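Understanding the architecture of this molecule
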Amino acid sequence: MLWTYLAIAAIAVVVLLILFRMVWRVAEPNEALIISGLGAHSSQEQVNETLGFKIVVGRGTAVLPGFQTVRRLPLDIRATPLTVTCVSSQGIPLHIKGVTAYKVGDDYGSIANAARRFLEQSDEQVMGTIHELFAGHLRAIVGSTTVEEMLHDRETLTTNIRGSLAGDMEKLGLVVDSLQIQEIDDESGYIKNLGRPQAAAVEAAARIAQAERDREATEREQAAAAQKAAAVRQSSIAQAGYQAEVDQAKSKASQSGPLAEALARQEVVVAETETAKLNASLAEKQLESSVLKPADAEAYRQRTLASAARDAQIAAAEANAREVQLRGEAEAKATELTGKAEASAVQAKAMAEAAGIKARAEALATNTEAVVAQQLAEAYPEIVTAAASSFEKVGNMVVLNGAQGIEDTLVKTITMGGSGFALAKQLIDSLATKKDEKPTLEPVPDESA
């Protein structure tokens, strides 16, 4: 139950807050609330008369929805430009431009008057009304004033305009905060002509002043030129004295110059001598470090290499002598063995040749042609080689009939071998009859011919 009561209380508070927010209205500092409807009327404390609406400024009030209506009237300042064509008391057409700043009055009467006249109107409509009001009063004031008075005393002009507007502005509930006349102009050139005498006077005064300044400037220029000439003369005299001193100093300098140069040259020679000594010492040190020491090192190296080479040669000679001794002993032993082997070989060869001669003799006695043929067969390669050697010196050989010519040449070469066979047979036959007679060998016909 407690939670239910708490929830109902919370809902009631929320509803009351919403209703209060819907009913309560607050006026901003720069506005007034105009409330009309049931029970909305002003008190006698606010205005001297009873109004049919309520004015609220700077505070809040309750408004019954559906029974009362609330509107907001701005109280801030507004500005409107003024451009009016009017005629002065002299009958001169003028164009006057200015600007005015106005606002609703702060008292309840001005707020009530403004609310009756301008509530629900737009800013353009309000500014149009104000412009026409100002234009009418401005034409009235300008029509009773001369151009000179307006030009020379604009403050009086604006004061007269504001004084003329005060009654009408109060009826409207408005107050003029500022009124400025910015420009007064005419098409006839009256204002321009008004300024010409003064401008001419000013121009004349300016020219006179300029002439005075020119004269004073000329006088000062002449005086300055005279002073300048005197200064130039004095300067020339001083320069002549200075030039004499300079020439004297130059003469002394020209005499002292060679002496100073000689002294300087002497110092240079002394410095060069010292430099030469230092260079010689440096060259000696460089020679010692770059030539003598490397030469000593090279000599030591050469002596070491020569000693090593000599020891190597001695060792090589001893090794060669030993090698020769061993080689002689080996060669003597080999010679001995070789002699024995050659003797045995000669003996065996002699025995073999004797047996061969005997066998050849027996073979010749029984079959001469077979022996000759065998000998020719064994020596046939040498025979062919000897026959072919005759062509070695031939650079180019032309063979006719192509392959047939090459074949004929080879046949003739081989036939020469056959002729040798017949010649060998005749020689063998002649040897068989050598003891009884001296046979005459007939030439064997050359078959190749």
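Residues numbered from 1 in each chain as written. Predicted model: local features only at pLDDT ≥ 70, side-chain atom pairs only at ≥ 80, totals over all residues. Heavy atoms only, no water.

**With respect to the sheet that holds strand 6 (residues 78–87)**
In spatial order, the strands read 6-7-8; together these three strands make up an open sheet with antiparallel pairing. Because the sheet does not close on itself, it has two edges, and the strands there are strand 6 and strand 8 (174–185). Looking at each pair of strands side by side, their axes are set apart by 25° on average, direction ignored. For strand 6 and strand 7 (residues 93–104), the ladder comprises ten bridges, and the chain directions are antiparallel. Each bridged residue has a counterpart across the sheet, and for proline 81 the counterpart in strand 7 is valine 99. (Pairing = 2+ DSSP bridges. Helix = DSSP H or I, 4+ residues; strand = E, 2+ residues; numbered from the N terminus. Axes fitted to C-alpha atoms, helices over the stretch in contact; angles between N-to-C directions.)

**With respect to the pattern of salt bridges**
The full count for this structure, using the stated rule, is five salt bridges. Here arginine 213 and glutamate 216 are joined by a salt bridge, their closest N and O atoms 3.1 Å apart. Of the two residues, arginine 213 and glutamate 216 are both situated in helix 6 (residues 190–366); the distance of three residues between them amounts to about one turn of the helix. Residue arginine 213 is classed as partly exposed on the basis of its relative accessible area, which comes to 44%. Across the pair arginine 215 and glutamate 219 runs a salt bridge, and its minimum N-O distance is 3.0 Å. Pair noted here: arginine 215 and glutamate 219 are both in helix 6, with a separation of four residues, about one helical turn. Residue glutamate 219 is classed as partly exposed on the basis of its relative accessible area, which comes to 46%. (Salt bridge = Lys/Arg side-chain N within 4 Å of Asp/Glu carboxyl O. Buried < 20%, exposed > 50% of the residue type's maximum accessible area, 1.4 Å probe, protein only.)

**Side note on helix 5 (residues 154–172)**
The α-helix winds at 3.6 residues per turn, so residues separated by three or four positions along the chain end up facing the same way. Between its first and last C-alpha, helix 5 extends 26 Å over 19 residues, near the 27 Å set by a 1.5 Å rise per residue. If you look at helix 5, its biggest bend is around 45°, right at alanine 166. Its buried side turned inward, helix 5 meets strand 7, helix 2 (108–118), helix 3 (123–143), helix 4 (147–152) and strand 8. (Expected span 1.5 Å × (residues − 1). Bend = angle between axes of the 7 residues up to and from the residue. Contact = heavy atoms within 4.5 Å.)

**Thoughts on the environment of valine 126**
Residue placement: valine 126 occurs in helix 3. Separated by 46 residues in sequence, valine 126 and threonine 80 place their C-alpha atoms 9.7 Å apart. In contact with valine 126, not counting residues within four places along its chain, are Arg78, Tyr102, Phe118 and Gln121.

**Re the nonpolar core**
Nonpolar side chains in soluble globular proteins tend to be buried together. Membership of the largest hydrophobic core comes to 39 residues, with the highest contact counts inside it found for Ile111, Ile130, Phe134, Ile161, Met169 and Leu174. Examining the composition of this core, we find that eight residues originate from one element, helix 3, more than from any other. Ala27, Leu33, Ile35 and Val56 belong to the second largest nonpolar core, which has five residues in total. (Core = buried A, V, L, I, M, F, W, Y, C linked by side-chain atoms within 4.5 Å.)

**Concerning the sheet that holds strand 3 (residues 53–57)**
Spatially, the three strands line up as an open sheet ordered 3-2-5, and their pairing is antiparallel. Edge positions in the sheet fall to strand 3 and strand 5 (68–74), since each has one partner strand and no second. Direction aside, neighbouring strands of the sheet carry axes that sit 25° apart on average. Of the pairings in the sheet, the one linking strand 2 (residues 31–37) to strand 3 comprises five bridges and is antiparallel in character. The residue bridging isoleucine 34 from the neighbouring strand is isoleucine 55, located in strand 3. Running at roughly 120° to strand 3, helix 2 makes contact with strand 2, strand 3 and strand 5 of the sheet.

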